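The residues making up each chain are set out below.
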Amino acid sequence: MEILEIRTHEREELADITGAVRRMISANGWSDGALLLYCPHTTGAVTVNEGADPDVVRDIVVNMRKLVPHRGDYRHAEGNSDAHIKSSLFGCDQTVIVEGGNLMLGTWQKIYFCEFDGPRTRKLWVKWLGDK
């Protein structure tokens, strides 16, 4: 297992990690298989979505704030219940295909680490599922 360290800068953001994942594939010589990307944080997530138009990421963040506001009818004492809910909505993992050493994403897709309780330094666990 590899660990990708991610530094976030806002309380809520989608950090593009596509380049870092591609570099990890190249550095390890991974060719044909898949990567399991797993977020071990209860207030973070990982997703695949459009990366061509930055307004898509902005729209996701802004509208998640409206759907699950920071302040609400929450009992969790740490004050980050919204982050836990958002993490559950997005999910803690993604599996992506690697073919011929290339990350197989659609034309407009990128991989994002979803931060809902930052800024922080986060970890993403990366497990190669293929021949070494």
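What you see is a predicted model; the values in this text were computed from it and never measured.

### What to know about helix α1 (residues 18–28)
Listed in full, the buried residues belonging to α1 are T18, A20, V21, M24 and I25. The buried side chains of α1 occupy one side of the element, clustering within an arc of 170 degrees when seen end-on. Along α1, exposed side chains directed more than 90 degrees from the buried face belong to R23, S26 and A27. Immediately beyond the C-terminal end of α1, within one or two residues, lies G29, with a positive phi of roughly 70 degrees.

### Section: the side chain of E115
Along the chain, E115 turns up in strand β7 (residues 109–115). Of the polar contacts made by the side chain of E115, one reaches the side chain of R122; its length is 2.7 Å. Apart from the residues lying within four places of it in its own chain, the contact partners of E115 are T8, E10, R11, E12, E13, T43, R120 and R122.

### Quick word on the sheet that holds β7
As a general point, the strands of a sheet are linked pairwise by backbone hydrogen bonds and lie either parallel or antiparallel. Taken together, 3 strands build an open sheet; the order of strands is β2-β7-β4 and the sheet is antiparallel. The outermost strands of the open sheet, each flanked by one partner alone, are β2 (13–16) and β4 (44–50). Strand-to-strand, the axes of this sheet are offset by a mean angle of 35 degrees, without reference to chain direction. Looking at chain direction, β4 and β7 are connected through 7 bridges and run antiparallel. For V48, the partnering residue across the bridge sits in β7 and is I111. The strands touched by helix α3 (residues 81–90) within the sheet are β4 and β7, with β4 carrying the most contacts at an inclination of about 50 degrees.

### Some words on the environment of K132
Among the secondary structure elements, K132 is positioned in the segment after β8 (121–130). Residue classification places K132 among the exposed residues on the basis of a relative accessible area of 84%. Once the C-alpha coordinates of K132 and W30 are considered, the two residues, 102 residues apart in sequence, prove to be 6.9 Å apart.

### Comments concerning the pattern of salt bridges
If you walk through the whole model with that rule in mind, you get 10 salt bridges. One salt bridge in this structure joins R11 and D82, with 2.9 Å as the shortest N-O distance. One end of the pair, R11, is in the loop between β1 (2–7) and β2; the other, D82, is in helix α3, and 71 residues separate them in sequence. The class for R11 is partly exposed, based on a relative accessible area of 22%. Taking the relative accessible area as the measure of exposure, D82 reaches 0% and is therefore buried. Here R122 makes a salt bridge to E115, at a shortest N to O gap of 2.7 Å. In terms of burial, R122 and E115 fall into one category: buried. Look at the salt bridges and you will find they share partners, linking R11, E12, R65, D82, K86, D117 and R120 into a network.

### Describing unusual backbone geometry
The residue after G118, namely P119, is reached through a cis peptide bond having omega -5 degrees. Among the secondary structure elements, P119 is positioned in the loop between β7 and β8.

### Structural notes on the packing of aromatic side chains
In the structure shown here, the tally under the stated rule is 3 aromatic pairs. Look at Y38 and W125: their rings are 5.8 Å apart centre to centre, the planes differ by 25 degrees, and that puts the pair in the stacked class. Of this pair, Y38 sits in strand β3 (residues 33–38) while W125 sits in strand β8, and the two are 87 residues apart along the sequence. Given the relative accessible area of 33%, W125 is considered partly exposed.

The rules behind these values
Residues numbered from 1 in each chain as written. Predicted model: local features only at pLDDT ≥ 70, side-chain atom pairs only at ≥ 80, totals over all residues. Heavy atoms only, no water. Buried < 20%, exposed > 50% of the residue type's maximum accessible area, 1.4 Å probe, protein only. Helix = DSSP H or I, 4+ residues; strand = E, 2+ residues; numbered from the N terminus. Arc of directions from axis to C-beta. Polar contact = N/O pair within 3.5 Å; in protein donor to acceptor, adjacent residues only side chain to side chain. Contact = heavy atoms within 4.5 Å. Pairing = 2+ DSSP bridges. Axes fitted to C-alpha atoms, helices over the stretch in contact; angles between N-to-C directions. Salt bridge = Lys/Arg side-chain N within 4 Å of Asp/Glu carboxyl O. Phe/Tyr/Trp six-rings, centres within 6.5 Å; stacked < 30°, edge-to-face > 60°.

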